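# Structural description and commentary
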Amino acid sequence: MMYSQEVKTKLMAIAGPENVDDSKAGRLVYSYDATPNFQSMPDAVVAPRNTKEVSEIVKVCSEHQVPIVPRGSGTNLCAGTCPTEGGIVLLFKHMNQILEIDEENLTVTVQPGVVTLDMIHAVEKIGLFYPPDPSSMKISTIAGNINENSGGLRGLKYGVTRDYVLALEIVLPNGDIIKTGGKLAKDVAGYDLTRLFVGSEGTLGVITEATLKLIPMPETKQTMLALYQDLEAAARSVSKIIANKIIPTTLEFLDQPTLKVVEDFAQIGLPTDVQAVLLIEQDGPAEVVARDMEKMAEVCKSEMAISVQVAQTEIEADALRTARRSALSALARLKPTTILEDATVPRSEIAKMVRAINEIAVKHNVNICTFGHAGDGNLHPTCLTDARDHEEMERVEEAFAEIFAKAIDLGGTITGEHGVGVMKAPYLEWKLGAEGINAMKAIKHSFDPKNIMNPGKMFAKESRKRMVISK
């Protein structure tokens, strides 16, 4: 069975008629996310008001085998929240409260619909710090971050979302409510279900509450911009900084095409006559920050940086960070379709990966700009194209397939932070192998035997044939 008048009547009885929308206009808004070329209409959009309602909604959907797609702000880039098999979209606009900030245990407990930046501002007001900072944090929600295991600019030093998730409240696909973890530094009681659900992309259950780890606010921070006329010299600097046992907060890479577009968008005086820049930030005690910035400047100069400049004010530093976060928005203005990917390799292979991306772009005659979190090996090759040009789109797809294959051959992966969803599902077997896919399917089936939780994600009907790339 699927969505029907009977199902609609039951959902309205649970959430209230005003929170069940199956109008064409209401459904259209939630038929796509930030991923180009994916759109599919849900049968209805349901906005529960609490965990009990989520549980009752899931029970109805389980009984009638109606697909469920949990959704935050829809900023993900792998079609992870596109309702490709119809069903209902679960919207958490009513469940958007910060429930507690615990200064004794250094935790914050939130509902799934809390906007990431709102929570960050709330904890920073009392001198605490939540490091994960996805570029979409102004509008992305905490549960969305958890489902995608979002990263961000500070991932090199502080890690990603999973490193800060201490406890979850989850509604399972049969409607049962479970709690995992707690406000604990140590907990090895049974399987680590908390980590299992982080990055599960809504395929195993519905997150209805999360307790996150906080840390003290760093004392100070400094930001530096290093300019290069050689792409590979910039990439080598990344590896050399880490090899010198310095772990900066942020170590970002932008190539010249990205620089030009970002400067045109942000108008902050970024240099556009260089081939690449590294945006480097360090935080911590003032004396440590000063020492590390000096050492990193020396490393950059030794690798042919033509200029190394330290931001003189926090306003200047914030402008640089904001410009980097605006890269996707800036690039998206140039062509009707912008495809942002995230191939990830070991840091030591960054230079090879940057060179390979440029060669692949030339080979397939496509326009690719590259930026990303170079410090943790996570590059974002971004193709500016037009989905209406089917011949070019075929070349774009082949180019990205070759980029993913190259990343794997260099010891990397097909996605570092964007997730698998529908976009990367055909390539997942390249990374995990058939045996790995089967193990994941077994986990999925054990939690969700009726396959109602975000179906069609992670597991492709057919995997792409693996290409061999010379190293």
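Up top is the structure.
An account of the accompanying structure is given in this report. Fair warning: this is a prediction, and the values are worked out from it, not measured in the lab.

## Here's the deal with unusual backbone geometry
If you check the backbone angles, asparagine 149 has positive phi at about 50 degrees while not being a glycine. The backbone phi angle of glutamate 201 is positive, close to 60 degrees, even though this residue is not glycine. Note on placement: glutamate 201 falls in the loop between helix H7 (193-197) and strand S10 (206-213).

## Notes on the side chain of threonine 415
Along the chain, the position of threonine 415 falls in the loop between helix H14 (390-409) and helix H15 (428-447). In terms of polar contacts, threonine 415 uses its side chain to reach the side chain of aspartate 342, at 3.1 Å. There is a polar contact of 3.3 Å between the side chain of threonine 415 and the backbone nitrogen of histidine 418. Excluding anything up to four places from it in sequence, threonine 415 contacts Asp342, Thr344, Val420 and Lys424.

## Some words on the packing of helix H8 (residues 231-243) against helix H10 (residues 286-302)
Put simply, H8 and H10 touch, their axes get as near as 9 Å, and they point 140 degrees apart. In terms of axis orientation, H8 runs oblique to H10. For the element pair H8 and H10, the recorded crossing hand is right-handed. Across the interface between the two elements, Ser237, Lys240 and Ile241 of H8 pack against Met296, Val299, Cys300 and Ser302 of H10. In terms of residue class, the contact of H8 with H10 is made up of 4 nonpolar, 2 polar and 1 charged.

## With respect to the nonpolar core
Membership of the largest hydrophobic core comes to 60 residues, with the highest contact counts inside it found for Phe253, Leu278 and Met353. Among the elements that make up this core, the one with the highest residue count is H14 (10 residues).

## Some words on the sheet that holds strand S2 (residues 44-46)
Sheet architecture is open: 4 strands sit in the order S1-S2-S4-S3, paired in mixed fashion. Both edges of this open sheet fall to strand S1 (20-21) and strand S3 (68-71), since each of them pairs with a single strand only. One ladder, built from 4 bridges, connects S3 with strand S4 (residues 88-91); its direction is parallel. Bridge pairing in S4 places arginine 71 opposite leucine 91. Sitting on the sheet, helix H3 (residues 51-64) is in contact with S2, S3 and S4, with an inclination near 175 degrees to S4.

## Let's talk about H15
The α-helix winds at 3.6 residues per turn, so residues separated by three or four positions along the chain end up facing the same way. Compared with an ideal rise of 1.5 Å per residue, which puts 20 residues at 28 Å, H15 spans 21 Å between its outermost C-alpha atoms and falls more than 12% short. Residue alanine 434 marks the point of greatest curvature in H15, where the axis turns by about 85 degrees. Where H15 is concerned, the buried positions are Leu428, Trp430, Gly433, Ile437 and Lys444. Tucked inside the fold, the buried residues of H15 contact H14.

## As for the packing of aromatic side chains
Following the criterion strictly, the structure yields 6 aromatic pairs and no others. A centroid spacing of 5.4 Å and a plane angle of 85 degrees characterise the contact between phenylalanine 197 and phenylalanine 447, whose relative ring orientation is edge-to-face. Of this pair, phenylalanine 197 sits in helix H7 while phenylalanine 447 sits in helix H15, and the two are 250 residues apart along the sequence. For phenylalanine 197, a relative accessible area of 0% gives the class buried. Among the residues examined, phenylalanine 447 registers a relative accessible area of 21% and is labelled partly exposed.

## Considerations on the sheet that holds strand S5 (residues 98-102)
One open sheet holds the 5 strands; their spatial order is S5-S6-S10-S8-S9, and the pairing between them is antiparallel. Both outer strands of the open sheet, S5 and strand S9 (177-181), are each paired with one neighbouring strand and no more. With direction set aside, neighbouring strand axes in the sheet form an average angle of 10 degrees. The pairing of strand S6 (residues 107-110) with S10 spans 4 bridges and is classified as antiparallel.

## Description of helix H13 (residues 350-364)
The terminal C-alpha atoms of H13 lie 21 Å apart, and with 15 residues this matches the ideal 21 Å at 1.5 Å per residue to within 8%. Along H13, the positions that sit buried rather than exposed are Ile350, Ala351, Met353, Val354, Ala356, Ile357, Ile360, Ala361 and His364. Packed against the buried residues of H13 are H8, strand S13 (250-255), strand S17 (343-344), strand S18 (368-373), strand S19 (378-385) and H14. Note on H13: the residue one or two positions beyond its end, asparagine 365, has a positive phi of about 55 degrees.

## As for the pattern of salt bridges
Enumeration over the complete set of coordinates arrives at 31 salt bridges. Residue arginine 154 pairs with aspartate 133 through a salt bridge whose shortest N-O separation is 3.8 Å. Of this pair, arginine 154 sits in the loop between helix H5 (142-148) and helix H6 (155-158) while aspartate 133 is found in the loop between strand S7 (128-129) and H5, placing the two residues 21 residues apart along the sequence. An identical accessibility class is assigned to arginine 154 and aspartate 133; each is buried. Salt bridges linked by common partners bring Glu281, Glu314, Asp318 and Arg321 together as one network.

Here is what the cut-offs are and how they apply
- Residues numbered from 1 in each chain as written.
- Predicted model: local features only at pLDDT ≥ 70, side-chain atom pairs only at ≥ 80, totals over all residues.
- Heavy atoms only, no water.
- Helix = DSSP H or I, 4+ residues; strand = E, 2+ residues; numbered from the N terminus.
- Polar contact = N/O pair within 3.5 Å; in protein donor to acceptor, adjacent residues only side chain to side chain.
- Contact = heavy atoms within 4.5 Å.
- Axes fitted to C-alpha atoms, helices over the stretch in contact; angles between N-to-C directions.
- Parallel < 35°, antiparallel > 145°, perpendicular 65-115°, else oblique.
- Left-handed = near helix turned anticlockwise from the far one by under 90°.
- Nonpolar A, V, L, I, M, F, W, Y, C, P; charged D, E, K, R; others polar.
- Core = buried A, V, L, I, M, F, W, Y, C linked by side-chain atoms within 4.5 Å.
- Buried < 20%, exposed > 50% of the residue type's maximum accessible area, 1.4 Å probe, protein only.
- Pairing = 2+ DSSP bridges.
- Expected span 1.5 Å × (residues − 1).
- Bend = angle between axes of the 7 residues up to and from the residue.
- Phe/Tyr/Trp six-rings, centres within 6.5 Å; stacked < 30°, edge-to-face > 60°.
- Salt bridge = Lys/Arg side-chain N within 4 Å of Asp/Glu carboxyl O.

Any functional reading would require information beyond the geometric quantities listed.
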